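# Observations on chain architecture
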Amino acid sequence: MKCLKLLLPLLLLVRDISTQWTVWMPRDISAMTNSCVVIPCTFTYPSAVRPYRGTHGIWYFGQPYPQLFPPVVYKSRTEIVHESYKGRTKLLGDLSQKNCTLQINNVGTELSGRYYFRADLGGANIYTYPDFTELKVLDQPNIDVPAEIVSDESLDLTCYAPDNCPDMIPEIHWMYTDYLPEPLFTSDYVEDSNTAVLASTLTFTPRPIHNGQLLGCRVHYPNTSFVYERLISLDIKYPPRTVWVNVSQEVMEGSLVILHCDVDSNPVPRISWLFGDEELMSDTASNASLYLESLTPEQEGVYTCVGDNGYGIMNTSMYLAVKYPPREPWVNGSLTVQEGSSLALHCTTQGNPAPTLTWLKDGELVGTITADEVSILELLEITPQVDGTYRCLAENEHGRSSSSLNITVEFAPILLEDSKCTIVREGVQCVCMASGNPEPSIEFYLPDLNITINETNGRFNYYTHSDGYTSTGMIKLREKGERGNNGGTAVHVHCSISNIYGTETIRLELQQEKKYMMAVIVGTIGGVAVIAFIIAAVRYVGQNNKKENGNPGQDVGSRVENPSMFYSAVKKDKQSLRKKVLKTELLGSKFNSILEESTGEDGDYQSVGSMAGLERQELNYAALEFVRGRPREGGLGRGDDGSDYTEIKAK
C-alpha cells in the first residue's frame, strides 16, 4: 500500500509530460511568388486543460511573443489581421480537432519568414508554441548544376519547383535545348514532411562547343499567367588559355580589396590565390575573387592567381601596396639618470610612406627632424634642466602617432637664494631652502652653542617641508641665549643640505625684515616730529611772555612767580613727550601688525615685524637745547654750573 502511494504521483507526472503543449509543422516550406502555400499544422495541450467557450488560435509572423506586437496572420476569434494578410489567409484545419493548418494566398517575397501558432483555450490557457515554419518565397526556380562539367561526359541538370498550393499545380519545361545532342527529360515528384517539390532533369553529353551556351528552366502554372524562368550558362572544361587578374594597385590600411581572377580553360580550372608561397584560397570555377578585409601592412606584397585543370597550368601575378599612418613609436622606458652623465634616446616606428620623426621636450622641439623609421636623440653632460617629458612624434601624409617617456635627473643639492635669517616678532627666524633629487635633507647648526637641529631635535620650533625637488627647513630662535654667546644682535646659524650625491654647508646671513624697519623709521620720524613741536611751543610761549612784560631783556624765569610751577610744566612736557613717543611706537607696531599675515599667537613660521624690540635700540632719550642768547638784565641764573640749556631725559 505504501508503495502505491509513492507510485501514484510518478504516474501522474508521466501522464502530464505525455500531454504537454506541443505543435508539429514543417521546418521549411517554399512557394513561388503570386502562388499559394499550405502550412500543415497539428497541436496538443495538457489533458487537464478544458477549452473554455471553444478552441481558438492565432498565427503570428516573425515573433512568438504577443508583447512584442508581431503581425497577426490569422485570428479565429476575429477577422482583425495585419494589413499585409488581409484577404490572403484562411484556416484549413479544425481547431477543435487540434488541426491548425493554414493557407496563404498570393504570397510575395515580403512574406518570407517564420510563422508561429498560438493556442487560445479560454481564460489563462493561452500558449504560443516556440516551433515555427520558415517560408521561402521564390521568384525563380532552382537548377541543380554539378560543380564540374567535363566535356564528353554525361551531364544531368535538374530544375525544381515547389508544389505546396493545392489550387495550382506547376509544370516545368527546359529552354534552349535545340542545340544539345540527344537531350533526355525526366520528371520526379518529391515529398518531405508534407511538403512537395516537382523536379525535372535534363540529361545530355556536352561538347566543347557547348561551353558558354545558355540553358533555361521555365515553371508555369496552368490556367494562370504566372511564369518563372531560370537561365544558366554551361561551363565546359578545357585547358587554360588565359588568366586575368587585377592590375597592381595601392590601397589604404583597413580598406577592403577584392582581387579577381578569370581563367578561360576547359575543363574549368582549379583557381588558387597565392601570397608568396602561401595559398590563401582555391576554388574550382572560371573566376575566383579573393576578399582581403581590413588590410594590414603585413599583407603588402605579390599575389598570384594560378589556374590548373590537369591539362595545363597558367598563372598571373600582381603587386598590392598598403599605405598606412605611422605606428605608435617605440621609445626607451622612463629613465632616472645622474647629473653629468650622457644618454641616447631611441625612437622606432613604421609607416608607409616612411614617416618623419621629431623629438619634443615638454612641447618644445629638441634635436633634428629625421625622415626615417629610426631616430636617436643624444643627451650629453646631462644637467637638471634635462629633466622632463620627451615625446617622439611620427608623421606622414596619412596621419601621426607619438610615444612619450620621462627622464628624471638626480643631482646634488643646490642652496636657493631665499635662504636667510630674519628678525621677527618672536625673535629670529632662519629659513634654509634647497633643490635636489633625491629631495635634500636640511639641518641647522648653531656654532656658538654647538647644537645641531634636525628632525630628531624638536627644539627651536624646527619645521621642514618638501615640494617636488625643493626642501625647506625653518627654525626660530626666541631668546638671546639661543642666538649666541656674544650677547649682541649677531646670529650665527649654519645650514647643511645633503642627499646621496653631496653635502653643502653655508652660514645664513641676518637680514632686517622690511616691515620691522618700516616700523622703526615711522617711530623715529614720529618722535622727532613731537620733539620739534615741543621746541616750537616753548619758544612761542617765551616770546609771548616777553611781549606781555614789555622787557625783552628779562629772562623767562623772572616772569614766573613760582619757579617750581615752571619746572613742573617742563617736567609735564617731558612726560608728555615720552608718552607721545611711546604712542608713536604703539602706532608703528599696530601699522606693522596690519602688514603681517595672521599666524596665531605663537606664529607659524611667517616673517613678521614688531616694535617690541625698539627698547633695544639706541634711541634712549630726547633733549631740548636752548641756544645761548644775548645777556639780559635782571635775568635769572640758569643753574649752578651756568649751563645754557635744560635737558629733558626720557629713559
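Calculation rules
Residues numbered from 1 in each chain as written. Predicted model: local features only at pLDDT ≥ 70, side-chain atom pairs only at ≥ 80, totals over all residues. Heavy atoms only, no water. Helix = DSSP H or I, 4+ residues; strand = E, 2+ residues; numbered from the N terminus. Contact = heavy atoms within 4.5 Å. Areas by Shrake-Rupley, 256 points an atom, 1.4 Å probe, with all protein chains shown as cover. Pairing = 2+ DSSP bridges. Axes fitted to C-alpha atoms, helices over the stretch in contact; angles between N-to-C directions. Disulfide = S-S within 2.5 Å. Buried < 20%, exposed > 50% of the residue type's maximum accessible area, 1.4 Å probe, protein only. Core = buried A, V, L, I, M, F, W, Y, C linked by side-chain atoms within 4.5 Å. pLDDT = per-residue confidence, 0-100. Phe/Tyr/Trp six-rings, centres within 6.5 Å; stacked < 30°, edge-to-face > 60°. Lys NZ or Arg CZ within 6 Å of the ring centre and 35° of its normal. Salt bridge = Lys/Arg side-chain N within 4 Å of Asp/Glu carboxyl O. Patch = residues over 30% accessible without salt bridge, like charges linked within 9 Å, V, L, I, M, F, W, Y side chains within 5 Å. Polar contact = N/O pair within 3.5 Å; in protein donor to acceptor, adjacent residues only side chain to side chain.

In terms of helices and strands, the protein chain carries four helices and 43 strands. Taking contacts inside the protein chain between residues at least 6 apart in sequence as the whole, the part at least 24 apart equals 64%. Summed over all atoms, the accessible surface of the protein chain reaches about 37,100 Å², with 51% contributed by carbon and sulfur.

Below, the discussion takes up the sheet that holds strand β8 (residues 102–104). The three strands are arranged β3-β8-β7 in an open sheet whose pairing can be described as antiparallel. In this open sheet, the two edge strands, each paired with only one partner strand, are β3 (37–39) and β7 (89–91). Pairwise comparison of adjacent strand axes, ignoring direction, gives a mean angle of 20 degrees for this sheet. Alignment of β7 against β8, held across three bridges, turns out to be antiparallel. Pairing of Leu91 across the sheet is with Leu102, part of β8.

Moving on: the state of the cysteines. This model, assessed by the stated rule, comprises seven disulfides. In this model Cys41 forms its disulfide with Cys100; the gap between the sulfur atoms is 1.7 Å. With the S-S bond torsion at -65 degrees, the cross-link from Cys41 to Cys100 turns out left-handed. Here Cys41 is found in the loop between β3 and β4 (42–44), whereas its partner Cys100 is found in the loop between β7 and β8, with 59 residues between them in sequence. Taking the relative accessible area as the measure of exposure, Cys100 reaches 0% and is therefore buried. Covalently, Cys261 is tied to Cys305 through a disulfide, its sulfur atoms 1.7 Å apart. For the disulfide bridge between Cys261 and Cys305, the dihedral angle about the S-S bond is near -80 degrees, and by the sign convention the bridge is left-handed. Residue Cys261 is found in strand β21 (residues 257–266), and its partner Cys305 is found in strand β25 (residues 301–308); the two are separated by 44 residues along the sequence. With respect to class, Cys261 is no different from Cys305; both count as buried.

Among the nonpolar cores identified, the biggest contains 29 residues, and Phe43, Trp59, Cys100, Ile104, Tyr115 and Phe117 are the most heavily contacted of them. Elements represented by at least two residues in this core include exactly β2 (28–32), β3, β5 (56–61), β6 (72–75), β8, β9 (113–120) and β11 (133–138). In terms of residue count, β9 provides more of this core than any other element does, three residues in total. Beyond its immediate sequence surroundings of up to four residues, Phe117 is in contact with Met25, Cys41, Phe43, Gly57, Ile58, Trp59, Leu95, Cys100, Tyr127, Thr128 and Tyr129. Counting residues in each nonpolar core, the second largest holds 24 residues, with Cys36, Ile149, Trp174 and Leu180 among its members.

Here the protein chain averages 78 in pLDDT, while 76% of its residues score no lower than 70. In this model, residues 1–18 is a region of pLDDT below 50 whose contacts with residues beyond four sequence positions or in other chains number one contact. Across residues 551–651, where pLDDT falls below 50, the model places 126 contacts with residues more than four positions away in sequence or in other chains.

Right, let's talk about the packing of aromatic side chains for a bit. Using the criterion set out here, one finds 17 aromatic pairs in the structure. Ring geometry for Tyr85 against Tyr115: centres 6.3 Å apart, planes inclined by 90 degrees, an arrangement best described as edge-to-face. With Tyr85 in the loop between β6 and β7 and Tyr115 in strand β9, this residue pair connects regions lying 30 residues apart in the sequence. Residue class for Tyr85 comes out buried when judged on its relative accessible area of 2%. Residue classification places Tyr115 among the buried positions, given a relative accessible area of 0%. Measuring from centroid to centroid gives 6.2 Å for Phe411 and Tyr469, while their planes differ by 80 degrees, and the two rings are edge-to-face. Taken together, the residues span a long stretch of sequence, with Phe411 in strand β34 (residues 399–415) and Tyr469 in the loop between β39 (463–467) and β40 (470–477) at a distance of 58 residues. Taken together, the aromatic side chains of Trp21, Phe43, Tyr45, Trp59, Phe117, Tyr127 and Tyr129 make up a single cluster linked through ring pairs. Directly above the aromatic system of Tyr45 lies the positively charged group of Lys98, at a separation of 4.7 Å from the ring centroid.

Let us now look at the pattern of salt bridges. Enumeration according to the criterion identifies eleven salt bridges in this entry. For the salt bridge of Arg88 with Glu110, the shortest nitrogen-to-oxygen distance reads 3.4 Å. Of this pair, Arg88 sits in the loop between β6 and β7 while Glu110 is found in the loop between β8 and β9, placing the two residues 22 residues apart along the sequence. Residue Lys361 pairs with Asp362 through a salt bridge whose shortest N-O separation is 3.1 Å.

What follows deals with the pairing of strand β18 (residues 227–233). Each regular strand displays side chains that alternate between the two surfaces of the sheet. Note that strand β17 (residues 214–220) and β18 share seven bridges and pair antiparallel. Its bridge partner lying in β18, Val219 is registered against Tyr228. The turn joining β17 and β18, which pair antiparallel and follow one another in sequence, is formed by six residues; a positive phi near 65 degrees is taken by Asn223.

Within the open sheet, the four strands sit side by side as β12-β13-β16-β15. Their pairing is antiparallel. Here the strands that pair on one side only, and so sit at the sheet edges, are β12 (142–144) and β15 (184–192). Neighbour-to-neighbour, the strand axes of this sheet turn through a mean angle of 25 degrees, independent of strand direction. As paired strands, β12 and strand β13 (residues 155–162) are joined by three bridges and run antiparallel to one another. When the sheet's bridge partners are listed, Ile143 is paired in β13 with Cys159.

A surface patch of nonpolar side chains, amounting to about 290 Å² of accessible area, comprises Tyr176, Leu214 and Leu231. Inspection of the secondary structure assignment puts Tyr176 in the loop between β14 (171–175) and β15. A relative accessible area of 46% places Tyr176 in the partly exposed class.

Positionally, Asn499 belongs in strand β41 (residues 494–499). Engagement of the side chain of Asn499 in a polar contact is seen with the backbone oxygen of Phe411, the distance being 3.0 Å. Here Tyr501 takes part through its backbone nitrogen, which lies 2.9 Å from a polar atom of the side chain of Asn499. Apart from the residues within four sequence positions on either side, Asn499 is in contact with Phe411, Ala412, Pro413, Gly436, Asn437, Pro438, Glu439 and Pro440.

Another aspect to go through is the environment of Ala199. Topologically, Ala199 is positioned in strand β16 (residues 195–204). Measuring from C-alpha to C-alpha, the distance between Ala199 and Ile172 comes to 7.8 Å, with 27 residues separating the pair along the chain.

Here we take up unusual backbone geometry. Glycine aside, the phi torsion of most residues is negative, and most peptide linkages are trans. With omega at 0 degrees, the peptide bond leading from Asn352 into Pro353 counts as cis. Looking at where Pro353 falls in the secondary structure, it is placed in the loop between β29 (343–348) and β30 (356–361). Here the bond from Asn437 into Pro438 is cis, since omega is 5 degrees, no more than 30 degrees from zero. Position of Pro438 relative to the elements: it lies in the loop between β36 (427–437) and β37 (441–446). One non-glycine residue, Asn223, lies in the positive phi region at around 65 degrees.

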